[in-house]
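Working through the structure, step by step
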Amino acid sequence: MEILRNRQSLSDYIAAVKKEGKKIGFAPTMGALHDGHMSLYKEARKDNDIVISSVFVNPTQFNNPDDLKKYPRTEENDIAMLEKAGVDAVYIPSTEDIYPEKAESKHYDFGGIENEMEGKFRPGHFDGVGTVVSELFRQVQPDNAYFGEKDYQQLAIIKKLVEIEKFPINIHGVPIYRAENGLALSSRNARLSEDERNGAALIYKTLVKVNEWFRVISIPEIKKRVEEIFEQSDYELEYFLIADEETLKETDFFYKDKSYRAFIVVFVGGVRLIDNMHLD
Ligand code: PAF
């Protein structure tokens, strides 16, 4: 596997790959890799000749400096996992390779989806994501790019970004990869104790119940039940809501011909965990 530690070495690598007419699949990450990331590479392998990943903890998407400081950094292990997954190259840029002048976000209008859910609770987050992903897309020039559905709103934002910036890139959503107990895999799970990891399965169990309740009881009643579940637990519910899967707007009632998804954010021992589930 090629380890590309600056913009120039990436650019030389990409030029050589493009010259051979090879198709590039790309999965950007912030490192602390886990099996969820491996499922992105597996998917990318199906449609492309070359699979590239990046590891860059993007400062502009963190609205909480403490969260940025505590974000797990496990480069050695990441490289070993990427090698094992058969990834062809990893780009590990410096901050200057991505932000030559100043590490700051551009402002994007994603048509309103940026103001829902994570946009409300993490001001500026999606401007940071849009800025870094468009820079990475410009540098890596992939044909296909892969993102996990755990960050479902981010996936929707990136589909919009590609439209806005007119990038000739196909965006692929990859289903959430869950641990045996149902906990969605996340780099942040590395900060949980074993007990917390076991306890955090409550998030998935709750979503499964929500799916059973959906279209049987009203949405306000579902919300009340979810709030009660977390009031009686050791964990703090930041938000739970059901939204239209396309507009991501919260809803209190449903129409037969529309698709809906439940979204939840819970603090477990100070770690912010996010999950979602399509509702049948
Ligand atoms: O999902 C992530 O890990 C990050 O938000 C991304 C897409 C790599 C941008 O920094």
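These figures come from a predicted structure and were not determined experimentally.

What counts, and at which threshold
Sequence order sets the numbering: in each chain, residues are counted from 1 along the sequence as written. Confidence filtering applies because this is a predicted model: local features only for residues at pLDDT of at least 70, side-chain atom pairs given and counted only at 80 or more, and all residues used for totals across whole chains, interfaces and linings. Values reported for side chains reflect all heavy atoms of the structure, with hydrogen atoms and water molecules removed beforehand. In short, DSSP must find at least two bridges between two strands for them to pair. Comment: elements are numbered from the N terminus, with helices defined as DSSP H or I runs of at least four residues and strands as E runs of at least two. Axis lines are fitted to C-alpha atoms, over the contacting stretch for helices. Their N-to-C directions set the angle, which ranges from 0 to 180 degrees. Residue contacts follow a heavy-atom distance rule, with two residues in contact if any of their heavy atoms lie within 4.5 Å. A pair of Phe, Tyr and Trp rings is counted when the ring centres sit within 6.5 Å of each other, with Trp represented by its six-membered ring. The angle between the planes then sorts it: under 30 degrees is stacked, over 60 is edge-to-face, the rest tilted. Only protein chains enter the calculation, and the probe is 1.4 Å; a residue is then buried if its accessible area is under 20% of its type maximum, exposed if over 50%, and partly exposed in between. Note on geometry: a ring has a charge over it if NZ (lysine) or CZ (arginine) is within 6 Å of the ring centre and within 35 degrees of the ring normal. Any carboxyl oxygen of Asp or Glu within 4 Å of a side-chain nitrogen of Lys or Arg constitutes a salt bridge here. The pocket and cavity definitions rest on a 1 Å grid over protein atoms only: a 1.4 Å probe that fits but cannot leave marks a cavity, an open set with protein on both sides within 12 Å along at least five of seven lines marks a pocket, and residues lining either have an atom within 4 Å of a point. Grid points are joined across faces, edges and corners, and a volume is the space filled by probe spheres set on the points. Lys, Arg, Asp and Glu make up the charged group, whereas Ala, Val, Leu, Ile, Met, Phe, Trp, Tyr, Cys and Pro make up the nonpolar group; the residues left over, Gly among them, are polar.

**Some words on the sheet that holds strand E5 (residues 144-148)**
In space, the 6 strands of this open sheet follow the order E1-E4-E3-E2-E5-E6, with parallel pairing throughout. Two strands bound the open sheet, and with one partner strand each, they are strand E1 (2-4) and strand E6 (170-174). Mean inter-strand twist for the sheet, computed between neighbouring axes without regard to direction, equals 25 degrees. For strand E2 (residues 24-29) and E5, the ladder comprises 2 bridges, and the chain directions are parallel. Counted as the bridge partner of glycine 25 is asparagine 144 from E5. Against the sheet, helix H7 (residues 125-140) engages E2, strand E3 (50-55), strand E4 (89-91), E5 and E6, with an angle of about 150 degrees to E2.

**Observations concerning the packing of aromatic side chains**
Centre distance and the angle of the planes are the two values used to describe a pair of aromatic rings. The final tally for this structure, using the stated rule, is 11 aromatic pairs. Ring geometry for phenylalanine 253 against tyrosine 255: centres 5.9 Å apart, planes inclined by 90 degrees, an arrangement best described as edge-to-face. On the basis of relative accessibility, which here comes to 47%, the residue tyrosine 255 falls in the partly exposed class. Among the aromatic residues, those joined into a ring-pair cluster are Phe26, Phe137, Phe147 and Phe167. If you follow arginine 225 out to its NZ or CZ, it ends over the ring of tryptophan 213, 5.0 Å from the centre.

**Details of the pattern of salt bridges**
One pass over the full model with this rule turns up 23 salt bridges. The shortest N-O distance in the salt bridge between arginine 188 and aspartate 67 comes to 3.0 Å. You can see arginine 188 sitting in the loop between E6 and helix H9 (194-199) and its partner aspartate 67 sitting in helix H3 (residues 65-70), a full 121 residues away along the chain. Take arginine 188 and aspartate 67: they sit in the same class, and that class is buried.

**Points about empty space enclosed by the protein**
Under the counting rule described, the total for this entry stands at 2 cavities of 30 Å³ or more. As a volume, the largest cavity reaches approximately 820 Å³. Lining the largest cavity are 48 residues; nearest its centre among them are His37, Tyr71, Lys150, Asp151 and Gln154. Elements supplying a minimum of two residues to the lining of the largest cavity: E2, helix H2 (35-47), H7, E5, helix H8 (152-165) and strand E9 (271-279). Ranked by residues supplied to the lining of the largest cavity, first place goes to H7 with 6 residues. Split by residue class, the lining of the largest cavity holds 25 nonpolar, 15 polar and 8 charged. The computed volume of the second largest cavity comes to approximately 50 Å³. In terms of lining, the second largest cavity is formed by Lys150, Leu183, Ala184, Ser186, Asn189, Ile203, Leu273, Ile274 and Asp275. Here the lining of the second largest cavity takes 3 residues from E9, the largest share from any one element. Tallied by class, the residues present in the lining of the second largest cavity amount to 5 nonpolar, 2 polar and 2 charged.

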